[in-house]
Amino acid sequence: MNGRGHVEPHGAPLVQPLSANLTMIKISVRPMDNNAYLLQPRDGAGVLIDAANDKQRLLGIIAAGSVATIITTHRHGDHWQALAAVAAETGARLVAGVPDAEAIAADAGVEGLIGVWDGDRVAVGDQSLEVIGLVGHTPGSITLAYLPQSGPAHLFTGDSLFPGGPGRTTNPKDFGSLMDGLQTKIFARFADDTVVHPGHGDDTALGVERPRLPIWRARGW
């Protein structure tokens, strides 16, 4: 059964207003069914989150406007395969979490990547996304928080949080770090109606996931 915010690989984009001033366009791209999100303000240039793959489809959703910034949520290659190509076409500035920035720049073959971390903001027209660093899935994974003047907050979590659990980690230390970050920086701060837009798959809400936190801790993944 398809869930909230569902998109099919190579299927039609999901177009959803997040506020009166900001619209989200979500697509899924192959080969790993990565989500890419275009945030388009009513006035000004947009922000693309994760130029994961399929340059032509990404440029297709951008075509009606422009993109000022491309944010890469973390260093894993399935999240930046189209980064260099889309950056070359759009001239957008490139942003990633400080601990992952050097690896992304080297592996993706891009220059001038700007490192950001906790409390930094990325402009989207006359609004902004707040950067939240979550160490664990990778050293420099970031979540982007959009807080409209009314309505629920929206979190673009990359691979740090999905419906049903945190992102994959490879050892107990990284798992503990990610869980600590999720509990203190995400669940302790944001309300139950906060929408989670992950790097793969359907959306969820913090209120759906909150009761499962002890289960995730106990199982260790």
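The structure we're discussing is the one just above.
(A) Geometry of helix α2 (residues 83-90). Every buried residue of α2 is listed here: L83, V86 and A87. Here the buried residues of α2 occupy an arc of 100° about the axis, which is enough to place them on one side. Turned more than 90 degrees away from the buried face of α2 sit A88 and E89, all of them exposed. Just past α2, the residue G91 takes up positive phi, approximately 70°.

(B) The sheet that holds strand β11 (residues 154-158), seen in detail. Strand order in the open sheet formed by six strands is β8-β9-β10-β11-β14-β15, and the pairing between neighbours is mixed. The outermost strands of the open sheet, each flanked by one partner alone, are β8 (121-124) and β15 (204-205). Taken together, the three bridges between strand β10 (residues 142-146) and β11 define a ladder with antiparallel strand orientation. Note on β11: the bridge partner recorded for A145 is L155.

(C) Examining the packing of helix α1 (residues 55-62) against α2 more closely. Relative orientation of the contacting elements α1 and α2 amounts to 35°, with a least axis distance of 9 Å. With respect to the hand of their crossing, α1 and α2 are arranged in right-handed fashion. Mapping the contact onto sequence places K55, L58, L59 and I62 in α1 and A85, V86, E89 and T90 in α2. Across the contact of α1 with α2, the residue classes tally to five nonpolar, one polar and two charged.

(D) Quick peek at the side chain of T194. Here T194 lies in the loop between α4 (172-187) and β14 (195-198). Excluding its chain neighbours within four sequence positions, the residues that come into contact with T194 are A153, H154, L155, T204, A205 and L206.

(E) A look at the pattern of salt bridges. For the structure shown, the criterion picks out nine salt bridges. One salt bridge in this structure joins D203 and K26, with 3.0 Å as the shortest N-O distance. Of this pair, D203 sits in the loop between β14 and β15 while K26 is found in strand β2 (residues 22-29), placing the two residues 177 residues apart along the sequence. No difference in accessibility class separates D203 from K26, as the two residues are buried.

(F) A look at the pairing of β8. Covered by surrounding structure in β8 are V122 and V124 only, the residues R121 and A123 on the alternate face being uncovered. Bridging between β8 and strand β9 (residues 127-133) involves four bridges; their strand directions are antiparallel. In the strand pairing of β9, R121 is matched with E130. Where β8 folds back on β9, the antiparallel hairpin that results is connected by two residues, among which G125 adopts a positive phi of roughly 60°.

(G) Up close: the sheet that holds strand β4 (residues 46-49). Read across the open sheet, the seven strands follow the order β1-β2-β3-β4-β5-β6-β7; overall the sheet is mixed. Across the chains shown, the open sheet's two edge strands, defined by having one partner strand only, are β1 (14-19) and β7 (114-116). When strand polarity is set aside, the average angle formed by the axes of neighbouring strands in this sheet is 25°. In this structure, strand β6 (residues 93-97) lies alongside β7, joined through three bridges in parallel fashion. Note that in β7 the partner of V95 across the bridge is I114.

Calculation notes
- Residues numbered from 1 in each chain as written.
- Predicted model: local features only at pLDDT ≥ 70, side-chain atom pairs only at ≥ 80, totals over all residues.
- Heavy atoms only, no water.
- Buried < 20%, exposed > 50% of the residue type's maximum accessible area, 1.4 Å probe, protein only.
- Helix = DSSP H or I, 4+ residues; strand = E, 2+ residues; numbered from the N terminus.
- Arc of directions from axis to C-beta.
- Pairing = 2+ DSSP bridges.
- Axes fitted to C-alpha atoms, helices over the stretch in contact; angles between N-to-C directions.
- Left-handed = near helix turned anticlockwise from the far one by under 90°.
- Contact = heavy atoms within 4.5 Å.
- Nonpolar A, V, L, I, M, F, W, Y, C, P; charged D, E, K, R; others polar.
- Salt bridge = Lys/Arg side-chain N within 4 Å of Asp/Glu carboxyl O.

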